[in-house]
Amino acid sequence: MLNTADILETIHMIREENLDIRTVTMGISLWDCVSDDESRLLSKIYDKITTKAARLVPVAEEIEKTYGVPIVNKRVSVTPVSLIGGAFGPETYVKIAETLDKAASDLGINFIGGFSAMVEKGFSTGAKHLIEAIPTALAGTGCVCSGVNVASSKAGINMDAIRLMGGVVKETARRTADKDSIGCAKLVVFGNAPQDNPFMAGAFHGVGENECAINVGVSGPGVMASAIRRAGDCDLSALADVIKKTAFKITRVGQLVAGEAAKKLGVPFGIIDLSLAPTPAVGDSVARILEEMGLETCGAWGTTAALSMLNDAVKKGGVMASSHVGGLSGAFIPVSEDEGMIAAAECGCLTLPKLEAMTAVCSVGLDMIAIPGDTSEDVIAGIIADEIAIGVQNTKTTAVRLIPVQGKGPGDTAVFGGLLGYAPIMPVNNASPARFIARGGRIPAPIHSLKN
Amino acid sequence: MKAVICVTGKDTKGIIAAVSAYCAEKGANIIDITQSVLQEYFAMIMLAEIDELTVHFSDFADGLDALGKARNLVISVMHEDIFNTMHHI
């Protein structure tokens, strides 16, 4: 039986607190597109994506109308492309990226993920060629997102890959210098990358996945902040309960939408990603949740503890609301995509070292952080290595999406636009890790990964 | 299947009549109404059967939205499942 208070609460969440579904992402396998003929490979990729996802946008729009809840993004993720184009060199990988871009724009989706490679233990030829192609591919496309998994708790950390990615990030920044190095906003370096992540830039359709699947990412930082505000000065046990209950409600909407989308599209439901995903809009910020919990500013001492509790309670509340949970699942802290994080960074309270500590207890990593354009490749590789080590040791996903904004330094602001937002350039400690990075090789997997 | 129609805005004459007439015209059967006016502010929630709609649900929703805009009201229509899923285990 419906009651008025419940109805009004839901409507209030949607109208006033920015409750939405952040993304409905269709994962599509490209295995059957493999060919040793370049033009055949490209046409098969285009045809497969545009056929499978032909109804994605209209179906998502129909669901939005039916339930009155906005679905902000409709996206596609594909099999890591390094596995599909192994017969070809970097030039063909660039053409594959262009093909993905064309398919995305013809479908009317905003991002397509999967221009990716898994190199946690070493490089296949295809992976090497794809990584070489990344700067050109990202500079020449608009919707394509790329990710490289350089480590896992099982395999350890591929330091050769991290050294290489330091250079790739830098080169991608140079190639897109005219747009505040926006190419780097579409490039993420992962440790323990999830195979079913619906969120960009790291989405890809893993090798053990269905032929096609619907994965849904929920959102709702505004709803969470309001619920915490309403809870007043209760103790943290009571607050954890408020967070769990709210996460449950948010996730149930995601489950409903995922189930409907899967049914209407005739595609299996994959997972719900239980994430608090912010946007640059006011009232849609994870930082403001932490402040609502009692911090003067995000980045103050206490931030890591508050984020840790938030992240854990979101999972506990969300997991019961969904039949299958996957992806990144936790609170996101992308600086440029979060109005409160931007403000905290601008006032100097939120710093790179603090963000690194925060990533040890939440779902992603150093995300959407603008750094000075003259930061060296070695320093970028060092930042990546540190962040990935946190993930590998803690058996969790970590990722790095840094934007060395060409021609800009501390005090300047980089503007990416739309959901990618804007960010003050954060100062970086430039002491050199060059000798450490240059050693190369692999950092062995931690002892606790030997669980068999 | 049921839809929840929620109408809010400044109170004027004939709001219920206009929404009810639209529902009847499109084949929606109103089964419950709760309504209140606080000072000048009007709020109404209607529960309607939509199995026999003569138009597609999204057109029905668009029509209500337009009706609301013409009268300076906010009218939303949502499938009941979103409320059931969020608030009931």
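Right above here is the structure, for reference.
Residues numbered from 1 in each chain as written. Chains lettered and ligands numbered in written order. Predicted model: local features only at pLDDT ≥ 70, side-chain atom pairs only at ≥ 80, totals over all residues. Heavy atoms only, no water.

1. A closer look at the environment of Val218(A)
Residues and elements named next belong to chain A. Here Val218 is to be found in strand β7 (residues 212-218). When its relative accessible area of 2% is taken as the criterion, Val218 is described as buried. Remark: the alpha-carbon pair of Val218 and Val24, spanning 194 residues in sequence, is separated by 8.8 Å. Ignoring anything within four residues of it in the chain, the contact list for Val218 reads Asp20, Ile21, Arg22, Phe199, Ile250, Thr251, Gly254, Ile272, Asp273, Leu274, Ser275 and Ala277. (Helix = DSSP H or I, 4+ residues; strand = E, 2+ residues; numbered from the N terminus. Buried < 20%, exposed > 50% of the residue type's maximum accessible area, 1.4 Å probe, protein only. Contact = heavy atoms within 4.5 Å.)

2. Quick notes on the side chain of Thr141(A)
Within the element layout of this structure, Thr141(A) appears in the loop between α5 (125-139) and β4 (144-152). Separated by 2.7 Å, the side chain of Thr141(A) and the backbone oxygen of Ala137(A) make a polar contact. (Polar contact = N/O pair within 3.5 Å; in protein donor to acceptor, adjacent residues only side chain to side chain.)

3. Side note on the interface of chain B and chain A
With 26 residues of chain B at the interface, the matching set in chain A holds 25 residues. In this assembly, chain B and chain A are joined by 1 salt bridge. Across the salt bridge formed by Asp62(B) and Lys65(A), the nearest N and O atoms sit 2.9 Å from each other. Of all the elements in the fold, those that place two or more residues in the side of chain B that touches chain A are β1 (2-10), β3 (41-49), α2 (57-70), β4 (73-79) and α3 (81-87) of chain B. Residue classes in the side of chain B that touches chain A are distributed as 13 nonpolar, 10 polar and 3 charged. (Salt bridge = Lys/Arg side-chain N within 4 Å of Asp/Glu carboxyl O. Nonpolar A, V, L, I, M, F, W, Y, C, P; charged D, E, K, R; others polar.)

4. So, the packing of aromatic side chains
In this structure the tally under the stated criterion is 3 aromatic pairs over all chains. Relative to Phe332(A), the ring of Phe199(A) has its centre 4.7 Å away and its plane inclined at 80°; by these criteria the two rings are edge-to-face. Here Phe199(A), found in the loop between β6 (187-191) and β7, pairs with Phe332(A), found in the loop between α10 (303-319) and α11 (339-346); they are 133 residues apart in sequence, far enough to count as distant. For Phe332(A), a relative accessible area of 7% puts it in the buried group. Aromatic side chains Phe57(B) and Phe60(B) sit 6.4 Å apart centroid to centroid with 50° between the ring planes, which places their arrangement in the tilted category. Of this pair, Phe57(B) and Phe60(B) both sit in helix α2, 3 residues apart, roughly one helical turn. Comparing Phe57(B) with Phe60(B) shows no difference in burial state: the two are buried. In this structure an aromatic cluster arises from ring pairing among Tyr22(B), Phe57(B) and Phe60(B). (Phe/Tyr/Trp six-rings, centres within 6.5 Å; stacked < 30°, edge-to-face > 60°.)

5. Quick look at the packing of α5(A) against helix α6 (residues 159-175) of chain A
Residue and element names in this part refer to chain A. One can describe the packing of α5 onto α6 by two numbers: an axis separation of 9 Å at closest approach and a directional angle of 20°. Viewed along their axes, α5 and α6 adopt a mutual orientation that is roughly parallel. The two elements α5 and α6 meet at a crossing, and its hand is right-handed. Here Ile131, Ile134, Pro135, Thr136, Leu138 and Ala139 of α5 come into contact with α6, specifically with Leu164, Met165, Val168, Glu171, Thr172 and Arg175. Considering only residue class, the contact of α5 with α6 consists of 8 nonpolar, 2 polar and 2 charged. (Axes fitted to C-alpha atoms, helices over the stretch in contact; angles between N-to-C directions. Parallel < 35°, antiparallel > 145°, perpendicular 65-115°, else oblique. Left-handed = near helix turned anticlockwise from the far one by under 90°.)

6. Examining the pattern of salt bridges
Opposite charge on two side chains permits them to pair, given that their charged atoms come into close proximity. All names here are of chain A. Enumeration over the complete set of coordinates arrives at 28 salt bridges over all chains. When the shortest N-O distance is used, the salt bridge between Lys95 and Glu38 registers 2.9 Å. Of the two residues, Lys95 sits in helix α4 (residues 90-107) while Glu38 sits in helix α2 (residues 38-52), which places them 57 residues apart along the sequence. Lys95 sits in the partly exposed class, given a relative accessible area of 34%. The exposure class assigned to Glu38 is partly exposed, which follows from its relative accessible area of 24%. A salt bridge links Arg229 to Glu292, with the shortest nitrogen-to-oxygen separation between them at 3.1 Å. In this pair, Arg229 sits in helix α7 (residues 221-231) while Glu292 sits in helix α9 (residues 286-292), placing the two residues 63 residues apart along the sequence.

7. A closer look at a nonpolar patch on the surface
The grouping of Trp31(A), Val34(A), Leu83(A) and Val207(A) at the surface amounts to a nonpolar patch, some 340 Å² of accessible area in total. Note on placement: Val34(A) falls in the loop between β1 (21-28) and α2. (Patch = residues over 30% accessible without salt bridge, like charges linked within 9 Å, V, L, I, M, F, W, Y side chains within 5 Å. Areas by Shrake-Rupley, 256 points an atom, 1.4 Å probe, with all protein chains shown as cover.)

8. Concerning the nonpolar core
Core analysis: the biggest nonpolar cluster contains 164 residues, and Ile49(A), Phe115(A) and Leu310(A) have the highest contact counts within it. A per-element tally of this core places helix α8 (residues 236-265) of chain A first, with 12 residues. When residues no more than four places from it in sequence are discounted, the contact partners of Phe115(A) are Val81(A), Tyr93(A), Ala97(A), Leu100(A), Leu130(A), Ala133(A), Ile134(A), Ala137(A), Val144(A), Cys145(A), Ser146(A) and Gly147(A). Val7(B), Ile15(B), Met44(B) and Ala61(B) belong to the second largest nonpolar core, which has 21 residues in total. (Core = buried A, V, L, I, M, F, W, Y, C linked by side-chain atoms within 4.5 Å.)

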